[in-house]
Amino acid sequence: MNCPRCGATVSEYSQFCSNCGNAISPAQLAPANVSTPAMPNAQQKTSGMAIASLVCGILNVFPLSAIAIVLGHVSLTQIKKSAGRMQGRGLAIAGLVLGYLGIVAIPFILIIAAIAIPNLLRAKIAANEASAAHSVRMVATAERAYAAQHPTEGFTCNLADLNSAGLSDSDLLAGQKHGYVFTLQNCTVDSTGTPVTKFQVTAVPASLNATGTKAFCSDESDVVRYVFRGSAQECLEGGSPI
């Protein structure tokens, strides 16, 4: 037992404190070194919705951003009502922040896409057109080489025949390359029984305005011409020289 004045330890039946001399009654004595046993804490568990909110927020892809916001708010409500039995408030808040950032970023992403996609399409079309013009020139060059190798036959209207004249591009030999369709046509002779002295090669977009906007052509003159948004025939009849 302890003295109520000085706190010194006294026997249970003492009437005076041996340390300070205070008169005490048994009712005033407090038990010494008696501690109140601690109540065991209930085991806390982490909110699954808070974890899911954080994961969706990290992925940051619509509609996962919206899902992160919904799960974050629901998990915060559950944690608040659990009276300490559930944890994960920080995870839920982090998921909410990332989710809202993802939603806010959507307009900026759409604006960037609206600017970038047309530019990428124009760049692709320009690359396809440059390749088509070069390929038409390659075919015309291969035609002259083929005619030199086959003086009794002259030019050919079969693209595959030009493989023997040094044209090794398999796509071009097949008649389609980088969004353009290539054709050899109108191989004619000056008179019956003589070698072919005329040919025409054309290249038109496989999908107008998607893979190209120009048609290209050439013939035995070796001049490559083009026409904007025109047909192969329009190119042959009045195309502008490159």
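Everything here concerns the structure above.
Predicted, not measured: the structure shown is a model, and the values here were computed from it.

1. A word on the overall build of the protein chain
What the protein chain contains, in helices and strands, is five helices and eight strands. For the protein chain, the sequential pattern of α-helices and β-strands runs β-α-α-β-α-α-β-β-β-β-β-α-β. Relative to the 2.2 N^0.38 estimate, which gives 18 Å for 242 residues, the radius of gyration of the protein chain is 45 Å and therefore markedly larger than a compact globule would have. Expressed as lengths along the three principal axes of its C-alpha atoms, the size of the protein chain is roughly 145 × 35 × 25 Å. Per-residue burial for the protein chain yields a buried fraction of 33% across its 242 residues. A sequence separation of at least 24 residues applies to 44% of the contacts in the protein chain between residues at least 6 apart. Only carbon and sulfur atoms are counted for the fraction: they give 61% of the accessible area of the protein chain, which is about 14,400 Å². The distance from the centre of the 15 positive side-chain charges to the centre of the 13 negative ones in the protein chain is 31 Å.

2. Focus: the sheet that holds strand β5 (residues 196-205)
The strands that make up a sheet are held in pairs by hydrogen bonds between backbone atoms, and each pair lies either parallel or antiparallel. An order of β3-β4-β5-β6-β7-β8 is seen for the six strands of this open sheet, with the pairing classed as antiparallel. Edge positions in the sheet fall to β3 (176-177) and β8 (240-241), since each of these pairs with one other strand and no more.

3. Details of the packing of aromatic side chains
As enumerated under the stated definition, the model contains two aromatic pairs in all. With a centroid separation of 5.9 Å and an interplanar angle of 55 degrees, the aromatic rings of Y180 and F216 are classed as tilted. Highlighted residues: Y180 in strand β4 (residues 180-189) and F216 in strand β6 (residues 214-219), separated in sequence by 36 residues. Pair check on accessibility: Y180 and F216 agree, each one buried. One cation-aromatic arrangement involves K214 over Y226; the distance from NZ or CZ to the ring centre is 5.0 Å.

4. Structural notes on the packing of helix α2 (residues 64-81) against helix α3 (residues 89-149)
A pair of packed helices is captured by two measures, namely the crossing angle of their axes and the spacing between those axes. At a closest axis distance of 8 Å, the pairing of α2 and α3 adopts a crossing angle of 155 degrees. When the axis of α2 is compared with that of α3, the two are roughly antiparallel. Crossing of α2 against α3: the hand is left-handed. Contacts from S65, A66, A68, I69, G72, H73, S75, L76 and I79 in α2 reach R89, A92, I93, G95, L96, G99, Y100, G102 and I103 in α3.

5. Overview of the pairing of β4
Both β3 and β4 contribute to a ladder of two bridges, which runs antiparallel. For K177, the partnering residue across the bridge sits in β4 and is Y180. Examined bridge by bridge, β4 and β5 share eight bridges and lie antiparallel to one another. Residue pairing across strands places F182 opposite A203, the latter belonging to β5. With antiparallel pairing between neighbouring strands as the criterion, β4 and β5 make up a hairpin whose turn holds six residues, including G193 at a positive phi of roughly 85 degrees.

Cut-offs and rules
Residues numbered from 1 in each chain as written. Predicted model: local features only at pLDDT ≥ 70, side-chain atom pairs only at ≥ 80, totals over all residues. Heavy atoms only, no water. Helix = DSSP H or I, 4+ residues; strand = E, 2+ residues; numbered from the N terminus. Rg over C-alpha atoms; globule rule 2.2 N^0.38 Å. Buried < 20%, exposed > 50% of the residue type's maximum accessible area, 1.4 Å probe, protein only. Contact = heavy atoms within 4.5 Å. Areas by Shrake-Rupley, 256 points an atom, 1.4 Å probe, with all protein chains shown as cover. Lys, Arg positive; Asp, Glu negative; His and termini not counted. Charge placed at Lys NZ, Arg CZ, Asp CG, Glu CD. Pairing = 2+ DSSP bridges. Phe/Tyr/Trp six-rings, centres within 6.5 Å; stacked < 30°, edge-to-face > 60°. Lys NZ or Arg CZ within 6 Å of the ring centre and 35° of its normal. Axes fitted to C-alpha atoms, helices over the stretch in contact; angles between N-to-C directions. Parallel < 35°, antiparallel > 145°, perpendicular 65-115°, else oblique. Left-handed = near helix turned anticlockwise from the far one by under 90°.

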